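Summary of structural features
Each chain is listed here by its residues.
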Amino acid sequence: MTGTSLDGIDVALVDFSSKPPRLIAAQGTPLSDDLRSQLLNLQSPQPNELHLAQLAANAHSDACADAIHALLAQACFAASDIEAIGNHGQTIRHRPECGYTLQIGNHARLAEKTGISVVGDFRSRDVAAGGQGAPLVPAFHQALFASPQQKRALVNIGGIANISLLIPHQPACGFDTGPGNVLMDLWIHQHQGLRYDKDGAWAASGQVLPDLLEQFLQDPYFALKAPKSTGRDLFHRDWLKMNLSQRSDAPCDVQATLCALSARSIADTLRADEISTLYVCGGGAHNPTLMRMLALELPQTQIATTAALGVAPDWMETYAFAWLAKCCLDRQPANLPGVTGARGLRILGAIWPA
């Protein structure tokens, strides 16, 4: 898994012979500066982008192969022990309203370099069936973490935040709430040259600006009804520029307000359902400032990381794509039409045999 934040490649080794499936090992590998730049540049149109996208897809697959070999060596497994790789690829366009979503990654090259079958392109079938193609993890969350007694929610705070609502005796609900870390990452990189705000320290040094927060929340995305999904196609550098062009706020105050935007847009989706516990995963789980803001927004809700469910927050999403790959191999539908808006259940993914 490489997500919107583009901070690294996460690999999880999952054993499906037990119930529930067992996470055996996991490892994160930072993306090289060159590959990260290639992928970031593809987030917006540019000359010769078809050629550049294919080169980036090859480099992405090579980096994934190296990360997989490293994890197998660490866990003392051989490629022949592995049934398949579930490869999300890197999203460079997400335009379900136009009938497509594009995650690059040369799955054939990855199968060739690892000697392991690859399952990829998970989102396209749901989009072809009229869905958003995202989020896909609520089906996984429902299968593994739903409680028959307790109202739960899981939120993955990566570049974009996506939430799963698990309410007893009801189908799971889920959608992208809006920006997670992406705007904070862009802002700190612009002002300090850093990839992210470690521990939310810069945000903690500023003050939330209530009028700016309300301005941010006026973006039409936040008022959309589910199903809905988003990405860097909407929340990007120009979005920040547009919202801040008439202002001269202290940069640390803007960072604090962007952090509050992530917390508020997540919390606003939970207030009506009286959620007992919110479990947080993704990079945002390591941001104490964001976690504190979530707690202030939701004083009646217990907030914990997914470590309380037995899965460290860094590995939840890559675990989910192993599960999605297994569903594809077993020819089991893995989308939730009530989440994505697809016309019905669909088997997700395509297979590149070893």
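Residues numbered from 1 in each chain as written. Predicted model: local features only at pLDDT ≥ 70, side-chain atom pairs only at ≥ 80, totals over all residues. Heavy atoms only, no water.

1. Digging into the sheet that holds strand β12 (residues 350-352)
Taken in spatial order, the 3 strands of this open sheet run β3-β6-β12, and their pairing is mixed. Whereas interior strands pair on both sides, the edge strands pair on one side only; in this sheet they are β3 (85-87) and β12. Neighbouring strand axes in the sheet, compared pairwise and without regard to direction, differ in orientation by 25° on average. Pairing of β3 with strand β6 (residues 118-120), which is carried by 3 bridges, proceeds in the parallel orientation. Paired with I85 across the two strands is V118, which belongs to β6. (Pairing = 2+ DSSP bridges. Helix = DSSP H or I, 4+ residues; strand = E, 2+ residues; numbered from the N terminus. Axes fitted to C-alpha atoms, helices over the stretch in contact; angles between N-to-C directions.)

2. Describing the packing of helix α11 (residues 251-267) against helix α12 (residues 288-297)
Contact pair α11 / α12: the axes reach a minimum separation of 9 Å and the direction vectors enclose 45°. Viewed along their axes, α11 and α12 adopt a mutual orientation that is oblique. The handedness of the crossing between α11 and α12 is right-handed. Within the contact between the two elements, α11 uses A256, C259, A260, S262, A263, R264, I266 and A267 and α12 uses T289, L290, M293, L294 and E297. Looking at side-chain class alone, the contact of α11 with α12 contains 9 nonpolar, 2 polar and 2 charged residues. (Parallel < 35°, antiparallel > 145°, perpendicular 65-115°, else oblique. Left-handed = near helix turned anticlockwise from the far one by under 90°. Contact = heavy atoms within 4.5 Å. Nonpolar A, V, L, I, M, F, W, Y, C, P; charged D, E, K, R; others polar.)

3. Points about the packing of helix α8 (residues 210-217) against helix α10 (residues 237-244)
The interhelical angle for the contact between α8 and α10, taken along N-to-C directions, is 130°, at an axis separation of 11 Å. It follows that α8 is oblique to α10 by the angle criterion. Viewed along their axes, α8 and α10 form a crossing whose handedness is right-handed. Of the residues in α10, those touching α8 at L212, Q215 and F216 are W239, N243 and L244. In terms of residue class, the contact of α8 with α10 is built from 4 nonpolar, 2 polar and no charged.

4. Some thoughts on the packing of aromatic side chains
Under the defined criterion, the tally for this structure stands at 9 aromatic pairs. With a centroid separation of 5.8 Å and an interplanar angle of 55°, the aromatic rings of F140 and W323 are classed as tilted. Here W323 lies in helix α13 (residues 316-329) and F140 lies in helix α5 (residues 137-145), a separation of 183 residues in the sequence. We classify F140 as buried; its relative accessible area is 0%. Since its relative accessible area comes to 13%, W323 is described here as buried. Among the aromatic residues, those joined into a ring-pair cluster are F216, Y221, F222, F235 and W239. Directly above the ring of Y221 sits K228, whose terminal nitrogen or CZ lies 4.5 Å from the centroid. (Phe/Tyr/Trp six-rings, centres within 6.5 Å; stacked < 30°, edge-to-face > 60°. Buried < 20%, exposed > 50% of the residue type's maximum accessible area, 1.4 Å probe, protein only. Lys NZ or Arg CZ within 6 Å of the ring centre and 35° of its normal.)

5. Details of the pattern of salt bridges
All chains considered together, the criterion is met by 14 salt bridges. Residue D211 is joined to R247 by a salt bridge in which the shortest nitrogen-to-oxygen separation is 3.2 Å. Here the residue D211 occupies a position in helix α8, and R247 occupies one in the loop between α10 and α11, the gap between them amounting to 36 residues. Exposure remark for D211: the relative accessible area of 46% places this residue in the partly exposed category. Across the salt bridge formed by R264 and E214, the nearest N and O atoms sit 3.4 Å from each other. You can see R264 sitting in helix α11 and its partner E214 sitting in helix α8, a full 50 residues away along the chain. By relative accessible area, which is 38% here, E214 ends up partly exposed. (Salt bridge = Lys/Arg side-chain N within 4 Å of Asp/Glu carboxyl O.)

6. So, the domain arrangement of the protein
Domain boundaries in the protein define domain 1 (8-133 + 315-352) and domain 2 (137-313). Across the boundary between the two partners, domain 1 contributes 25 residues, which contact 27 residues of domain 2. When domain 1 packs against domain 2, the two sides together hide about 2,100 Å² of surface, and 64% of this comes from carbon and sulfur. Of all residues in domain 1, M316, W323 and V339 give up the largest surface area on contact with domain 2, accounting jointly for 32% of the area buried on that side. Scanning the region where domain 1 abuts domain 2 turns up 1 salt bridge. Note that D33 and R195 form a salt bridge whose closest N and O atoms lie 2.4 Å from each other. Joining domain 1 to domain 2, the criterion identifies 7 residue pairs in polar contact (both at pLDDT 80 or more). If you list the elements that add at least two residues to the side of domain 1 that touches domain 2, you get α1 (33-41), β4 (90-95), α13 and α14 (337-340). At 6 residues, the largest contribution of residues to the side of domain 1 that touches domain 2 is made by α13. A class-by-class count of the residues in the side of domain 1 that touches domain 2 yields 14 nonpolar, 6 polar and 5 charged. (Domains from an automatic or database assignment. Buried area = accessible area lost by both parts, 1.4 Å probe. Polar contact = N/O pair within 3.5 Å; in protein donor to acceptor, adjacent residues only side chain to side chain.)

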